[in-house]
Amino acid sequence: MSPAEFFHRNREIAGFSNPARALYQTVRELVENSLDATETHGILPNIYVEISLDASDESKVTVTVADNGIGIPLHEVPNVFGRVFYGSKYVIRQTRGVFGLGVKMAVLYAQMTTGKPIYVRTAPIGSKVEGEYSLLIDVGRNIPYILKMRLRKKERNWHGTIVRLTLEGAWALVKKRIEEYIRRTALITPYASIRYKTPEGEIVFKRVTRELPKPPEKGLYHPRGVDIEILKEMIRSMNSDDATLKEFLTRNFESVGEKTAEEFLKWAGFDPERRIKDLRVQDLELLASKMKSYDKWRRPRSHTLSPLGAYLLEEGVKRILAPEFVAAVTRPPSSYGGHPFVVEVAVAYGGEIQPQDTPLLLRFANRMPLLYDEGVDVSRKVADSIDWSVYKVKFPAPLAVVTHVCSTKIPFKGVGKEAIADVPEVERELEAALRDAARKLRLYLVRLEKMQEVKRREVVYRKYLDEVVRSLSYITLIGEEQLRRKFEELIARELGRVSLDEEGGDSSAN
Ligand code: ADP
Ligand code: MG
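Keep in mind it's a predicted model, so treat the numbers as computed, not measured. (Residues numbered from 1 in each chain as written. Chains lettered and ligands numbered in written order. Predicted model: local features only at pLDDT ≥ 70, side-chain atom pairs only at ≥ 80, totals over all residues. Heavy atoms only, no water.)

What about the pattern of salt bridges?
Tallying each qualifying case throughout the model produces 40 salt bridges. We note a salt bridge from Glu263 to Lys259, for which the minimum N-O separation is 3.8 Å. Of the two residues, Glu263 and Lys259 both sit in helix α8 (residues 258–268), four residues apart, roughly one turn of that helix. Residue classification places Lys259 among the exposed positions, given a relative accessible area of 63%. The salt bridge involving Asp283 is made with Arg280; its shortest N-O contact spans 3.3 Å. On the basis of relative accessibility, which here comes to 48%, the residue Arg280 falls in the partly exposed class. One salt-bridge network, in which partners are shared between bridges, spans Arg121, Glu130, Glu132, Arg150 and Arg152. (Salt bridge = Lys/Arg side-chain N within 4 Å of Asp/Glu carboxyl O. Helix = DSSP H or I, 4+ residues; strand = E, 2+ residues; numbered from the N terminus. Buried < 20%, exposed > 50% of the residue type's maximum accessible area, 1.4 Å probe, protein only.)

Quick notes on a nonpolar patch on the surface
A contiguous nonpolar patch, built from Ile146, Met149 and Leu151 and spanning about 280 Å² of accessible area, is present on the exposed surface. You can see Leu151 is positioned in strand β5 (residues 143–153). Overall, the relative accessible area of 46% leaves Leu151 in the partly exposed class. (Patch = residues over 30% accessible without salt bridge, like charges linked within 9 Å, V, L, I, M, F, W, Y side chains within 5 Å. Areas by Shrake-Rupley, 256 points an atom, 1.4 Å probe, with all protein chains shown as cover.)

Observations concerning helix α7 (residues 245–252)
Among the residues of α7, those classed as buried are Leu245, Lys246, Phe248, Leu249 and Asn252. All buried residues of α7 fall inside an arc of 160° around its axis, so they share one side. Turning to α7, the residues buried within the fold contact α6 (228–238), α8 and α9 (281–293). (Arc of directions from axis to C-beta. Contact = heavy atoms within 4.5 Å.)

Here we look at the nonpolar core
In terms of nonpolar packing, the biggest core is built from 73 residues, with Phe81, Ile178, Ile182, Leu187, Leu321 and Val402 touching the most fellow members. Residues lining this core come from more than one domain, with at least three contributed by each of domain 1 (3–205) and domain 3 (310–442). The contacts of Phe81, once residues within four sequence positions are left out, are Ile72, Val103, Lys104, Val107, Ile118, Val120, Leu135, Ile137 and Val163. Among the nonpolar cores identified, the runner-up in size contains 36 residues, and Phe325, Val329, Ala365 and Leu445 belong to it. (Core = buried A, V, L, I, M, F, W, Y, C linked by side-chain atoms within 4.5 Å. Domains from an automatic or database assignment.)

As for the environment of Gly350
As for its placement among the helices and strands, Gly350 is situated in the loop between β11 (339–349) and β12 (360–365). Distance from Gly350 to Pro323, taken between C-alpha atoms, is 5.1 Å for residues 27 residues apart in sequence. Those residues in contact with Gly350, other than ones at most four positions away along the chain, are Ala322, Pro323, Glu324 and Pro398.

Thoughts on the packing of α6 against α9
It is at 9 Å that the axes of α6 and α9 come closest, and there the two elements cross at 115°. Considered as vectors, α6 and α9 are oriented roughly perpendicular to each other. Crossing of α6 over α9 shows right-handed handedness. Where α6 approaches α9, its residues Ile228, Leu231, Lys232 and Ile235 are matched on the opposing element by Leu284, Glu285, Leu287, Ala288 and Met291. (Axes fitted to C-alpha atoms, helices over the stretch in contact; angles between N-to-C directions. Parallel < 35°, antiparallel > 145°, perpendicular 65-115°, else oblique. Left-handed = near helix turned anticlockwise from the far one by under 90°.)

Some details on the layout of surface pockets
Here the second largest pocket is characterised by a volume of approximately 190 Å³. Lining the second largest pocket we find Glu180, Arg183, Arg184, Ile320, Leu321, Glu352, Ile353, Gln354, Gln356, Leu360 and Leu362. Elements that contribute at least two residues to the lining of the second largest pocket include exactly α5 (171–188), α10 (310–321) and β12. Broken down by element, the lining of the second largest pocket gets its largest block of residues, three residues, from α5. Classifying every residue of the lining of the second largest pocket gives five nonpolar, two polar and four charged. When residues of the lining of the second largest pocket are assigned to domains, at least three fall in each of domain 1 (3–205) and domain 3 (310–442). (1 Å grid on protein atoms, 1.4 Å probe; cavity = no way out; pocket = protein on both sides within 12 Å on 5 of 7 lines; lining within 4 Å. Points joined across faces, edges and corners; volume = space filled by probe spheres on them. Nonpolar A, V, L, I, M, F, W, Y, C, P; charged D, E, K, R; others polar.)

The structure is reproduced here in structure tokens:
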């Protein structure tokens, strides 16, 4: 069976299980490709998303996504959209797409349900030419079937891509979810301008900062992060008949020099000079398992990752949740099973956040919002396991928790890519980050409490002020005005002490 045929038959694997979910997934695939094509290359993203319904048949939905990204090399366009597993992201680094599957699933689903081809217009950066295509996928052979292709000179100096698909979708059922997806995308990309147009109207998210997170660098696998299939693929792509095992390791893996390679191979019982083309499947099995259990590798490096950083995360949270208070924390890099990862979180309180019985949770993985399967996600587990009363939060509370896991391999539960598994290392980092941010929230809430206490006292003082001033003046013969001024000073001093505490933190106001 060709890969296209396989996914054609098993589309639920890639999130295309019904017309509601398929529409959501299509928007997601297109938007994520557009963001990858901009921010990863240092371009401030301008993204336009449009959903429109066929006038005579509302179940036929057209999705258009336009970006100002680097565009697609014109000779690549047919394969990029018409060949399953064709992607150009072969190196290891944090991007949203990884399998080279996403947009092809959307193309397959569209052609299956409406018979319409995908329309693509793209202007590669630095090229004088732009191209327009309409194509379908030849499912049996997993190759693109091009219906229309037109190349022409760019009329103006632009770069980017416009993609349009018409599929069967249940707009009414899924529009809330898609809007939420767009909102959360705007949260995690405060540097992006996003215009979202639907039959119901238009929402515009203007960028709130021009600062982009540092893009991820390209890297190699860590020896602990591979399996037999990856090893086979690496050997195949080395394309060399006489490469030795030692050469294989030093060339294909992060931080493995000759000495490390030799020591490991001796430990694992392999001859370092053995040729890789002589390895049998049993040898590869042994090699993979030894690579996983060897404990002297250097730690995976995190240069391939691109967390937002506390500042951008806070800006994003303010943009979308408009809280009264927000604190973000980015943890130092860590790793699980040979894969580097970084966890960052934000805790937001008050403002436009509605009080709820449990923390409102917004999850992200590699800057992708996760909207489904929240109940089984490790972030839910960690957020719920924290005793928030320790941090002065009393439910129902206007509390939101934002979690972002960045990794070259997100430990997703299942293929739906919507929930992160409770890998102990990730769980630990999430908890540490959340507690750190929660402590900052606690300081704020303690201060707030004191302010409120002082305000309450002030109200009481003022209630009796006139009477006290009158009586005191009668007894002491001091003028009412003078007494009143004295009292006002006292009240002001009391209030002032609390605002001084803003720097002092947790000290007592009394
Ligand atoms: P993945 O995102 O997993 O790599 P996709 O099937 O979604 O797989 O996309 C395949 C490739 O097509 C991407 O890796 C990217 O190189 C290219 N591509 C898709 N959409 C765009 C776009 N809007 N701008 C530039 N390149 C794109
Ligand atoms: Mg993709």
